[in-house]
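Overview (structure and organization)
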Amino acid sequence: MAAEIGVGVGLVAIGAALALGLSAIATAMAEKAIGTAAVGAMAEKEELFGKGLILTVIPESIVIFGLVVAILILGLAA
Amino acid sequence: MIKPKNMVKLSVFGPKSYMKKVIETMYNMNVVHIDDHTKKSEEDFFDIGAPFKENEQFADTLVKIRSIISNLNINKGIVKKSATSIPVIDKKTQEVYEKVNYLLKKQEYFSQIKKLYDKTEIQKSLNSLKIDIDDNVDYSNFTHYVGYIDQDSDLLKEQIEKITKKYIMHSVNYQGLTLVGLFVDKKKKDKIKDLLKESDFSPIDNPVLKEKYDLKSSAGIKFVKLNKELETVTNDLKKVENRIQEVKDEHTTFLLESEKLLSIESEKAEAPLRFASTKNTFLVKGWVPKKNSKKLEKEIKNVTNKKVHIEFHGPVKGDNVPIAFNHPKIVEPFEAFMNLYSLPSYKEIDPTFFMFLTFPLFFGFMLGDVGYGIVIFALFSMLKKKMPGAKNFLNTFIIAAVVSIVFGMVFGEYFGYEAFSQTVGERLQLTTQPWVLETFHMHPFESHGHTVFPFPHIFARSHNINDLLSLAILFGIVHVLIGYIIGFVNILKAHGLKMAILEKVGWILLFPTVIYLLTDFLGVVTGFVKDLLVPLIPPMPFMIGLAVLGVLMIIKGEGAQGAVELPALISNILSYARLMAVGLASLSLAVVVNDLAGEMFASGIVGIFSGILILVLGHTINIALGILSPFLHSLRLHYVEFFTKFFKGGGKKFISFGQLK
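Residues numbered from 1 in each chain as written. Chains lettered and ligands numbered in written order. Predicted model: local features only at pLDDT ≥ 70, side-chain atom pairs only at ≥ 80, totals over all residues.

**Observations concerning the overall build of chain B**
Within chain B, the regular secondary structure consists of 24 helices and 15 strands. Its C-alpha atoms give chain B a radius of gyration of 38 Å, clearly above 26 Å, the size a compact globule of 661 residues would have. Along the first, second and third principal axes, the C-alpha set of chain B runs to 120 × 90 × 50 Å. Pairs at least 24 residues apart make up 81% of the contacts formed inside chain B by residues separated by at least 6 positions. (Helix = DSSP H or I, 4+ residues; strand = E, 2+ residues; numbered from the N terminus. Rg over C-alpha atoms; globule rule 2.2 N^0.38 Å. Contact = placed C-beta atoms within 7 Å.)

Here you go:
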């Protein structure tokens, strides 16, 4: 089965994986810092849960973009 | 449904002699939110009221009951209030309180001693006790006792002196325990023994003593080996613990019911603290739901012979009106999400109803598996019985699980399985009506050299990833658009039509452009969703014109901040792609587990067992993820993408006077 996949398709797959993987790492790095601070703030004042959550998940759009790009790239292979 | 209950401001003013009746009436009706009176300056005409005198007694007993409840680790369940009269409760509480305190003290004593029963510890404690051996005394006439007592040493001294004057006693406080070394007249041995028994004398055993002192005479209480002594203490401790358990079993209902009654009475007795008062009058300010106001007025006038003045006003600008949700029963669970985030302010649209519509929809769309849906449904129905306190929160999951089951049928997914086995599939092809096969897409297809007979479904998400993505984005477009429309209504009510148009219509005008970008330009949205959306795009120049107009309005309405946020519109909508991603991830994990187990099953008897293990373990993990992930992501889509379009929040909760009932 492996023989059926050409080099071009393989490169596309790697590209898609990189798009998703790297953006996921970026999101993780960003959310780490914000999440720490948000939990700290919540420990002081519990009502901050809503605001804390919003701020924490803002970088998540990075990985969503990564996902969308990955799907678009995979579309090239089809 | 999308508005909190209408409130009116209440003022009750009257002579103090009627205060009790007014409090009683308000408490029983349970519809008033009292605004506590605060004395802002010395010139304020009104003082804070003083609580009723009987409150002291209530509070005293209440503190005792609560301390017993917490000391005995009694779980607070839902109980009715006690029907016993308060003086009887006071008396009984005092008895139980003393008994429990005595037992707890004993328990502490024995467990302390138990902790010390280790040779080095005993030696250490013995070293702290200075026993001076006086050479002039003939110790053969004495019996000695060395050990711990659960009593004050001075008190013991007094008691011994009543029996005999011929004694020598040394004592020291060691780690909270009283350690005594006692030498008494041999003739009085029996009496002393009884006395020591009363104070739970726990002797230090002979071998240890012998190492340190050369005490010739034998002790009155037979010393035993170290382990034996420890056993006795353990038994004593056990006895005390059993006794505590008995007391707990006997009095739990009494304690909980009395606690409830007294909490209610004490809240009523303390109510004047929240009122404004002068020497002879009182004034209550607060809020009442409009529909209850007439009845409240009537009741108060009835019990006070119209001697009390009552006034109602509508809320004016700047009032911090408390929020009482106004929902049908099925929407109520979702109030929990508002409490978690922030309550809407009084003038705002209450988004709980919209959450009720879309939260389960998103959750179900992500989870979308009949098997998992049923498991979650059963799990949370069970939890609901176990934890009635979290009922509301658990109900949201139950509703979401039902939607998951529906989506599972649409997707044709059952624990990650999507197709019949070869034999069943072939038979079904022959026996099923052709129109059923047609409607539910049950026609077999070739995949990796196998013929697959899919379960009945309407839309197979694993084979139509692009359509699934497009559908998710479509949800996003609609959801965000609804957000802006609600925002329009909110601003219309708060700041008028002009601001509403500038701030929200501007964003709505951008939507054709956004749809164009997502479909033709980026190509994220494809397939049937694209066909659905493309007719909505106006001709190019017109679309650009709308967009430019929209941007100008946003800048006028929201300033530079609005301009900076322009790209966020696209990213907000793309964020709904998670509806597809989370769902597919959960499906993929299930498929992997099933495939692994399937291979195991084929490899003999050992394989079958490990296959079952993998199935159970894998699906358990996946269900746990399937609860957490869709829940968080669905919640986030509401809090972040949806609420930011219209929600201000900051309302305070309506807490009615009398809720304890």
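**Observations regarding the overall build of chain A**
Summing up its helical and strand segments, chain A has three helices and zero strands in all. Going residue by residue from the N terminus, the α and β elements of chain A occur as α-α-α. Taking 2.2 N^0.38 as the reference for a compact globule, 78 residues should give roughly 12 Å; the C-alpha atoms of chain A span a radius of gyration of 18 Å, well beyond that estimate. Projected onto its principal axes, the C-alpha coordinates of chain A cover approximately 60 × 15 × 15 Å.

**A closer look at the packing of helix α18 (residues 511-521) of chain B against helix α20 (residues 540-558) of chain B**
Residue and element names in this part refer to chain B. Viewed as axis vectors pointing N to C, α18 and α20 meet at an angle of 120°, and their least axial separation amounts to 8 Å. One finds that α18 runs oblique with respect to α20. Of the residues in α20, those touching α18 at Pro512, Thr513 and Tyr516 are Met543, Leu546 and Ala547. Taken together, the residues of the contact of α18 with α20 sort by class into five nonpolar, one polar and no charged. (Axes fitted to C-alpha atoms, helices over the stretch in contact; angles between N-to-C directions. Parallel < 35°, antiparallel > 145°, perpendicular 65-115°, else oblique. Nonpolar A, V, L, I, M, F, W, Y, C, P; charged D, E, K, R; others polar.)

**A look at unusual backbone geometry**
Residue and element names in this part refer to chain B. The backbone of Asn30 shows a phi angle near 60°, a positive value even though the residue is not glycine. Following the sequence through the fold, Asn30 ends up in the loop between α1 (19-29) and β2 (33-34). With 13 C-beta atoms packed within 10 Å, Asn30 lands in the partly exposed category. A positive phi angle, near 50°, is found at His441, a position not held by glycine. Examined against the element boundaries, His441 turns out to sit in the loop between α15 (434-439) and β13 (445-447). (Buried ≥ 20, exposed ≤ 12 C-beta atoms within 10 Å, placed from the backbone.)

**Some remarks on the environment of Phe601(B)**
All names here are of chain B. Of note, Phe601 is situated in helix α23 (residues 578-601). When the 16 C-beta atoms within 10 Å are taken as the criterion, Phe601 is described as partly exposed. When the C-alpha atoms of Phe601 and Gly611 are compared, they prove to be 5.8 Å apart, with ten residues separating the residues in sequence. The contacts of Phe601, once residues within four sequence positions are left out, are Gly607, Ile608 and Gly611.

**Re the sheet that holds strand β4 (residues 142-149) of chain B**
All names here are of chain B. The four strands lie next to each other as β5-β6-β4-β7, forming an open sheet whose pairing is antiparallel. Edge positions in the open sheet fall to β5 (167-174) and β7 (202-203), since each of these has one partner strand only. Relative to β7, β4 runs antiparallel, the two being bridged by two bridges. Across the sheet, residue Gly147 finds its bridge partner in β7, namely Pro203. (Pairing = 2+ DSSP bridges.)

**A few points about the interface of chain B and chain A**
On the chain A side, the residues contacting the 15 residues of chain B number twelve residues. Secondary-structure elements contributing two or more residues to the side of chain B that touches chain A are α10 (335-341), α22 (566-574), α23 and α24 (605-642) of chain B. Within the side of chain B that touches chain A, the residues separate by chemical class into nine nonpolar, four polar and two charged.

**Quick word on the sheet that holds strand β14 (residues 450-454) of chain B**
Residues and elements named next belong to chain B. Taken together, the three strands give an open sheet; going across it, the order is β12-β14-β13, and neighbouring strands pair in antiparallel fashion. The two strands at the open ends of the sheet, each matched to only one other strand, are β12 (419-420) and β13. Inspection of the sheet shows β12 paired to β14 by two bridges, in the antiparallel sense. By the bridge assignment, Phe420 is partnered in β14 with Phe453.

**Some points on the confidence of the model for chain B**
Residues and elements named next belong to chain B. Scored by pLDDT, chain B comes out at a mean of 85, with 94% of its residues at no less than 70. Taken together, the stretch residues 217-226 has pLDDT below 50 and engages in 24 contacts with residues farther than four places along the chain or on a different chain. Quick note on the complex model: pTM equals 0.77, ipTM equals 0.77. (pLDDT = per-residue confidence, 0-100.)

**Looking at the confidence of the model for chain A**
For residues with low pLDDT, the predicted coordinates do not support detailed interpretation. With 94% of its residues at a pLDDT of at least 70, chain A reaches an overall mean of 85. Within chain A, helix α2 (residues 49-57) of chain A has the poorest average pLDDT of any element, 80, and helix α1 (residues 7-44) of chain A the best, 92.

**Some words on the nonpolar core**
Ranked by size, the top nonpolar core spans 109 residues in total, and within it Leu469(B), Ala472(B), Ile473(B), Tyr576(B), Ala577(B) and Leu579(B) carry the most contacts. The leading source of residues in this core is helix α16 (residues 465-495) of chain B, at ten residues. Contact partners of Ala577(B), with chain neighbours within four places excluded, come to Ile64(A), Leu67(A), Val68(A), Leu469(B), Ala472(B) and Ile473(B). (Core = buried A, V, L, I, M, F, W, Y, C linked by C-beta atoms within 7 Å.)

**Description of helix α2 (residues 55-71) of chain B**
All names here are of chain B. The end-to-end C-alpha distance of α2, which contains 17 residues, comes to 24 Å, matching closely the 24 Å that a straight helix rising 1.5 Å per residue would cover. What α2 keeps buried is the set Asn55, Phe58, Thr61, Leu62, Lys64, Ile65 and Ile68. Backbone geometry just downstream of α2 places Asn73 in the positive-phi region, at approximately 55°. (Expected span 1.5 Å × (residues − 1).)

**Details of the pairing of strand β9 (residues 281-289) of chain B**
Residues and elements named next belong to chain B. Both strand β1 (residues 7-15) and β9 contribute to a ladder of nine bridges, which runs antiparallel. Counted as the bridge partner of Lys9 is Trp287 from β9. Pairing between strand β8 (residues 276-277) and β9: two bridges, direction antiparallel. Bridge pairing in β9 links Ser277 to Phe282. Linking two consecutive strands that pair antiparallel, namely β8 and β9, is a turn of three residues.

**Thoughts on the environment of Arg243(B)**
Topologically, Arg243(B) is positioned in helix α8 (residues 226-270). When the C-alpha positions of Arg243(B) and Leu492(B) are compared, they lie 68 Å apart, and in sequence the two are 249 residues distant.

**A few points about the environment of Met543(B)**
Relative to the helices and strands, Met543(B) is located in helix α20. Excluding its chain neighbours within four sequence positions, the residues that come into contact with Met543(B) are Pro512(B), Thr513(B), Tyr516(B), Ile537(B) and Pro538(B).

**Topic: the packing of α16(B) against α22(B)**
Residue and element names in this part refer to chain B. In contact at an axis separation of 8 Å, α16 and α22 are set at 130° when each is read in the N-to-C sense. One finds that α16 runs oblique with respect to α22. Together, Ile473, Gly476, Ile477 and Val480 of α16 and Asn572, Ile573 and Leu574 of α22 make up the contact between the two elements. When the residues that make up the contact of α16 with α22 are grouped by side-chain class, the tally is five nonpolar, two polar and no charged.

**Considering α1(A)**
One turn of the α-helix equals 3.6 residues, which is why residues spaced by three or four share an orientation. All names here are of chain A. In this model α1 runs 55 Å from its N-terminal to its C-terminal C-alpha over 38 residues, within 8% of the 56 Å that 1.5 Å per residue would give. Roughly 25° is the biggest bend found in α1, and it falls at Glu31. Where α1 is concerned, the buried positions are Ala16, Ala19, Leu20, Ser23, Thr27 and Ala38. In this fold, the buried residues of α1 make contact with α2 and α3 (60-77). (Bend = angle between axes of the 7 residues up to and from the residue.)

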